[in-house]
Amino acid sequence: MLVVKKFGGTSVANKERIYNVANRCIEEYKKGNDVVVVLSAMGKYTDELITMAKDINENPPKREMDMLYTIGEQMSVALMAMAMNKLGVPAISLNAFQVAMHTTSVYGNARLKRIDAERIRNELEQRKIVIITGFQGINKYDDYTTLGRGGSDTTAVALAAALHADKCEIYTDVDGVYTADPRKVKNARKLDTVTYDEMLELATLGAGVLHNRSVELAKKFGVQLVVRSSLNNNEGTVVKEDTKMEKMIVSGVAADADAARVAVVGLKDEPGVAFKLFNLLAKKNINVDMILQSIGRHGTKDITFTCSQEDADEAKAVIAEAMECEDVDVNKDVAKVSIVGAGMQTNAGVAAKMFEALYDENINIRMISTSEIRVTVLIDAKNVERAMNSIHDKFDLGEK
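Residues numbered from 1 in each chain as written. Predicted model: local features only at pLDDT ≥ 70, side-chain atom pairs only at ≥ 80, totals over all residues. Heavy atoms only, no water.

Description of the packing of aromatic side chains
Thinking step 1. Inspection of every chain in the model, using the stated rule, returns four aromatic pairs.
Thinking step 2. Taking the centre distance of 4.4 Å and the plane angle of 15 degrees together, the rings of Phe7 and Tyr171 count as stacked. With Phe7 in strand E1 (residues 2-7) and Tyr171 in strand E9 (residues 167-172), the pair connects residues that are 164 residues apart, well separated along the chain. Across the pair, Tyr171 and Phe7 agree in class, each one buried.
Thinking step 3. Their ring planes at 65 degrees and their centres at 5.8 Å tell us that Tyr69 and Phe135 sit as a pair that is edge-to-face. Of this pair, Tyr69 sits in helix H3 (residues 62-86) while Phe135 sits in the loop between strand E6 (129-133) and strand E7 (136-138); the two residues are 66 residues apart in sequence, bridging distant segments of the chain. In this pair, the class of Tyr69 matches that of Phe135, namely buried.
Thinking step 4. In this structure, Arg127 is placed above the aromatic ring of Tyr29, and the distance from its NZ or CZ to the ring centre is 4.1 Å. (Phe/Tyr/Trp six-rings, centres within 6.5 Å; stacked < 30°, edge-to-face > 60°. Helix = DSSP H or I, 4+ residues; strand = E, 2+ residues; numbered from the N terminus. Buried < 20%, exposed > 50% of the residue type's maximum accessible area, 1.4 Å probe, protein only. Lys NZ or Arg CZ within 6 Å of the ring centre and 35° of its normal.)

Dropping the structure here:
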């Protein structure tokens, strides 16, 4: 059996935890299984690298940031290989070049194109544990690229798909996927199973347990994911194609504080304006989420959308320069709160129930967006925890 195990930064934050991870992987290895390990940078090391970069240059080139970021994962895998060798088990660390992991050329947010699995297979045949840097790849220019924050999950799933692994385990500092962030909602409950679609929505909407692109890949290639804690042996949450075990209308509540609302006021009310606006943003690789267009009056209309806080100022500058409009207003004191559940497709009144929960707390809704299995609202950032707890209670998602 071939198992891919991914460990996040908190799981390898210090010497004790590195040896803890090493022992867990060796335990799997001693069952006779082939083991591939994917690691993130230690603890908050990536944040330290960002601080160092900003101290040198407050607006560093994205290519150079990717060059810098890769230090973190390379340190983790090298130290882990040393620990395993100390424990008497042959292990080897490999970076994105040595594998090689080919990506697109977008620095800071590259996408994996293909993985050359030959080197990994050769090392596994020699009965070594293979430890691979997460989060990084190489582009056609032979430059390092990174996959965006949380990208080590995507590395692990992509490796599991390329190697036809029997299982992909994502280890984190929580026991699995919860109905809400247990740090914000006291009676949040761990789910035994969750569908790919539900997990994809939760990940995209700020659940933080899994990188959304990793879930996309897992669904596409049928990789069964298990999310579990690196700090104990509890059973985790299985992410798979279909599950009838939970039978819940709503599976979880998620919040995303990394949101900004951009309002473009006084655009011409004519065909092609929306295309021009969002094509402009797409060319700058600015991802847009919720979109609201007002009814045209007096020959003008307003378009409001959300994007990440990091992209908001650039979006404003680009629009102000290239679009005919009266004003571009940015508000970063907002957050998205969402409910997700496959059962929502066949149950009426779910959105109304969510809105009632917000009304109970006197929380105003600024924007609304829906899909078959999701309802998202934009609210003031200060109200996020109250909103999550109220919605969680309204749908009775807590411990029974």
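Moving on from the coordinates now.
A closer look at helix H9 (residues 273-283)
Thinking step 1. Every buried residue belonging to H9 is among Val273, Leu277 and Leu281, and all of these are buried. The buried residues of H9 occupy an angular sector of 65 degrees when the element is viewed end-on, so they sit on one face. Turned more than 90 degrees away from the buried face of H9, the exposed residues are Phe275 and Lys283.
Thinking step 2. For H9, the elements touching its buried residues are strand E13 (252-268), strand E15 (300-307) and helix H10 (309-322).
Thinking step 3. Of the residues flanking the end of H9, it is Asn285, one or two places downstream, whose phi is positive at about 55 degrees. (Arc of directions from axis to C-beta. Contact = heavy atoms within 4.5 Å.)

Observations regarding the packing of helix H7 (residues 196-204) against helix H8 (residues 212-221)
Thinking step 1. As a packed pair, H7 and H8 sit with axes 8 Å apart at the nearest point and diverge in direction by 165 degrees. As far as their axial angle goes, H8 and H7 are roughly antiparallel. Viewed along their axes, H7 and H8 form a crossing whose handedness is left-handed. When H7 is examined against H8, the residues Tyr196, Asp197, Met199, Leu200, Ala203 and Thr204 are found in contact with a partner set consisting of Asn212, Val215, Glu216, Ala218 and Lys219.
Thinking step 2. Taken together, the residues of the contact of H7 with H8 sort by class into six nonpolar, two polar and three charged. (Axes fitted to C-alpha atoms, helices over the stretch in contact; angles between N-to-C directions. Parallel < 35°, antiparallel > 145°, perpendicular 65-115°, else oblique. Left-handed = near helix turned anticlockwise from the far one by under 90°. Nonpolar A, V, L, I, M, F, W, Y, C, P; charged D, E, K, R; others polar.)

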